[in-house]
Number of protein chains: 2
Amino acid sequence: MPGAPRPAGPPGLSAYVALSQLLGLAALVATGAWLGRYRGGVAWAGGLRANVHPFCMVVAMVFLQGDALLVYRVFRKEAKRSAKVLHALLHGSALLVALVGVAAIFEAHGEKGIAHMYSLHSWCGMAALVLYAVQWLLGFGFFLFPGATFALRGRYKPLHVFGGVALLVLSVAACLLGITEMLLFNIRDSYSQFAPEGVLANTLGLLLVAFGLVVGYILTRDDWKRPPLPEELALSMDFKTLTEGESPSGSQ
Amino acid sequence: MPGAPRPAGPPGLSAYVALSQLLGLAALVATGAWLGRYRGGVAWAGGLRANVHPFCMVVAMVFLQGDALLVYRVFRKEAKRSAKVLHALLHGSALLVALVGVAAIFEAHGEKGIAHMYSLHSWCGMAALVLYAVQWLLGFGFFLFPGATFALRGRYKPLHVFGGVALLVLSVAACLLGITEMLLFNIRDSYSQFAPEGVLANTLGLLLVAFGLVVGYILTRDDWKRPPLPEELALSMDFKTLTEGESPSGSQ
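Because the structure is a prediction, the values reported are computed rather than measured.

Draft legend 1. Fine view of the interface of chain B and chain A. Between chain B and chain A, the residue contacts involve 35 residues of the former and 35 residues of the latter. Interface area, chain B with chain A, both sides summed: about 3200 Å², of which 80% is carbon and sulfur. Its largest share of buried area at the contact with chain A, chain B owes to B:Tyr118, B:Leu120 and B:Trp123, together 19% of the area lost on that side. Linking chain B to chain A there are zero salt bridges. In this structure, the connection of chain B to chain A is made through eight residue pairs in polar contact (both at pLDDT 80 or more). Of all elements in the fold, only helix H4 (120–144), helix H5 (150–186), helix H6 (188–191) and helix H7 (196–220) of chain B reach the threshold of two or more residues within the side of chain B that touches chain A. Ranked by the residues each element gives to the side of chain B that touches chain A, the list is headed by H5(B), at 13 residues. Counted by class, the side of chain B that touches chain A contains 24 nonpolar, nine polar and two charged residues.

Draft legend 2. The arrangement of the relation of the copies chain B and chain A in detail. For these two chains of identical sequence, chain B goes onto chain A by a turn of 180° and a shift of 0.0 Å along the axis, with RMSD 0.0 Å. This pairing of chains is accounted for by a two-fold axis. When you check the interface residues of chain B against chain A, 100% turn up at the interface there too, and the contact is symmetric in its surfaces.

Draft legend 3. Looking closely at the side chain of A:Ser20. All names here are of chain A. For Ser-20, the location among the structural elements is in helix H1 (residues 13–38). You can call Ser-20 buried: its relative accessible area is 0%. With near-sequence residues (within four places) excluded, Ser-20 lies in contact with Leu-70, Phe-211, Val-214, Val-215 and Ile-218.

Draft legend 4. The packing of helix H3 (residues 80–112) of chain A against helix H4 (residues 120–144) of chain A, seen in detail. All names here are of chain A. Contact geometry of H3 with H4 gives a least axis separation of 11 Å together with a crossing angle of 155°. Relative to H4, the element H3 lies roughly antiparallel. With respect to the hand of their crossing, H3 and H4 are arranged in left-handed fashion. Between H3 and H4, the residues in contact are Arg-81, Lys-84, Val-85, Ala-88, His-91, Gly-92, Ala-94, Leu-95, Ala-98, Leu-99, Val-102 and Phe-106 and Met-126, Leu-129, Tyr-132, Ala-133, Trp-136, Phe-143 and Leu-144, respectively. Its residues assigned to classes, the contact of H3 with H4 shows 15 nonpolar, two polar and two charged.

Draft legend 5. Main features of a nonpolar patch on the surface. Residues and elements named next belong to chain A. Taken together, Val-74, Phe-75 and Leu-86 make up a surface patch of nonpolar side chains, about 210 Å² in accessible area. Mapped onto the fold, Leu-86 is located in helix H3. For Leu-86, a relative accessible area of 30% corresponds to the partly exposed category.

Draft legend 6. How the structure looks around the nonpolar core. Grouped together as the largest cluster of nonpolar side chains are 122 residues, with contacts concentrated most on A:Leu208 and B:Leu208. Here this core takes 15 residues from helix H2 (residues 49–74) of chain A, the largest share from any one element.

Draft legend 7. View of the UniProt feature "transmembrane region" (unreviewed entry) in chain A. Residue and element names in this part refer to chain A. As recorded in UniProt, the sites labelled "transmembrane region" (unreviewed entry) are residues 12–35, 55–75, 87–106, 126–152, 159–179 and 199–219. Span residues 126–152 is 81% helix and 0% strand, its end C-alpha atoms 28 Å apart. Taken end to end, residues 159–179 has its terminal C-alpha atoms 30 Å apart, with 100% of it in helix and 0% in strand.

Draft legend 8. Local environment of the packing of aromatic side chains. For the structure shown, the criterion picks out 20 aromatic pairs over all chains. Consider the rings of A:Phe142 and A:Tyr156, whose centres lie 4.4 Å apart with planes at 35°: the pair is tilted. Placement of the pair is A:Phe142 in helix H4 and A:Tyr156 in helix H5 (residues 150–186), with a sequence separation of 14 residues. Consider the rings of A:Tyr217 and B:Phe162, whose centres lie 5.2 Å apart with planes at 75°: the pair is edge-to-face.

Reading the values: the criteria
- Residues numbered from 1 in each chain as written.
- Chains lettered and ligands numbered in written order.
- Predicted model: local features only at pLDDT ≥ 70, side-chain atom pairs only at ≥ 80, totals over all residues.
- Heavy atoms only, no water.
- Contact = heavy atoms within 4.5 Å.
- Buried area = accessible area lost by both parts, 1.4 Å probe.
- Salt bridge = Lys/Arg side-chain N within 4 Å of Asp/Glu carboxyl O.
- Polar contact = N/O pair within 3.5 Å; in protein donor to acceptor, adjacent residues only side chain to side chain.
- Helix = DSSP H or I, 4+ residues; strand = E, 2+ residues; numbered from the N terminus.
- Nonpolar A, V, L, I, M, F, W, Y, C, P; charged D, E, K, R; others polar.
- Least-squares fit on C-alpha atoms with pLDDT ≥ 70 in both.
- Buried < 20%, exposed > 50% of the residue type's maximum accessible area, 1.4 Å probe, protein only.
- Axes fitted to C-alpha atoms, helices over the stretch in contact; angles between N-to-C directions.
- Parallel < 35°, antiparallel > 145°, perpendicular 65-115°, else oblique.
- Left-handed = near helix turned anticlockwise from the far one by under 90°.
- Patch = residues over 30% accessible without salt bridge, like charges linked within 9 Å, V, L, I, M, F, W, Y side chains within 5 Å.
- Areas by Shrake-Rupley, 256 points an atom, 1.4 Å probe, with all protein chains shown as cover.
- Core = buried A, V, L, I, M, F, W, Y, C linked by side-chain atoms within 4.5 Å.
- UniProt positions renumbered as here; feature names shortened; annotations may be inferred.
- Phe/Tyr/Trp six-rings, centres within 6.5 Å; stacked < 30°, edge-to-face > 60°.

Shown next, in the form of structure tokens:
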């Protein structure tokens, strides 16, 4: 029934998506305020280069990554392939911004003669980034181009979905570790006196946790999953019947 | 068919549960090794009281909490009410051990004149603990005693399940923050030289993450969920038909 009106999204979903965006934007504002007001700002020059790192990582590994995960819930009436391309583009952009953020901290460390990759923050963050790149490549190969057989897609998809949520959670955890490191390196003594910078950065941490919780809640609500559109259902049945294991495009 | 043999667990579940226990035990050993070898041990006296905190929190908020979540997957052939009582007992024990751990750090801070609750670690950890206590009380009230109506249980259960996983994740994140704090307070300079204590504590962090990931994976695999036993299914249908909203005991 191509002419039939498609039903609106399930009740509650829009409110939770709006809440997630409010929390994500509040986290971005808090990051900017922290770096701008207390850390001299963000620039690819001199001592400010180190500040590019937290800014890029919050933008990429929390906000963009989280929003990429929500694509299938938000654009539930669009064609599956369009949603899939947007999902891949958002994750791809996140990956690029995150690489800039990592380059910034490696350069900043190198200039100051600080060792690389010694902290728990760096171990968790690097694990998240490498696994994120692997997940993107696997997702692209399995679901977009060249695409795998129905059987292979079906076996990989649950792992891809679990991996997506797990990587967002690990990324948020790595951000919290980074916030704690920055505070203990910069304002160790006044932090315990509830210095405004510390309270702001702690609040940023809670905003990141709240964003992760709300996105995780939206993703794990069974009744908010994107149902296949009527035409996809018919198409997918046809392909399954006709090709038995061949790789149709546009269906996951 | 009370006499019919019950089927074994789904393939793969036992291996993942065994892996989770190996990771959990490895995390406990790493915690003990860190505190014993580099921090003078654990005791409720003098400077060692502060070490009671990390030990109790890893035991309670990671290992016991994680295992409590696995009860329904592991004891899938036992009566639902038995599994439920074990689930509540394990979470209750975790809560008690965690309270001891929190008392230890408050006393240690008080003795040394260190401010309470100023760090992101303390904010995340306290949020996790308070919500964990609330979740336990709600779970007890809804599902064990006095028990709520079928309709109320049905509405609360998805939130209870999501909250359970989210609280484990938040607890692991709080532990990672605590590890980073301890390292930066105690071995700030040698940490960046890859001091063995730093490497051990980072490894503990990764073990906690791995434990959380494996437990999370087990809990979110749809085909590993505990199916109702035949007698529960019959009983539950009877109750639903007969009482329509009344509160039966022994079913969730």
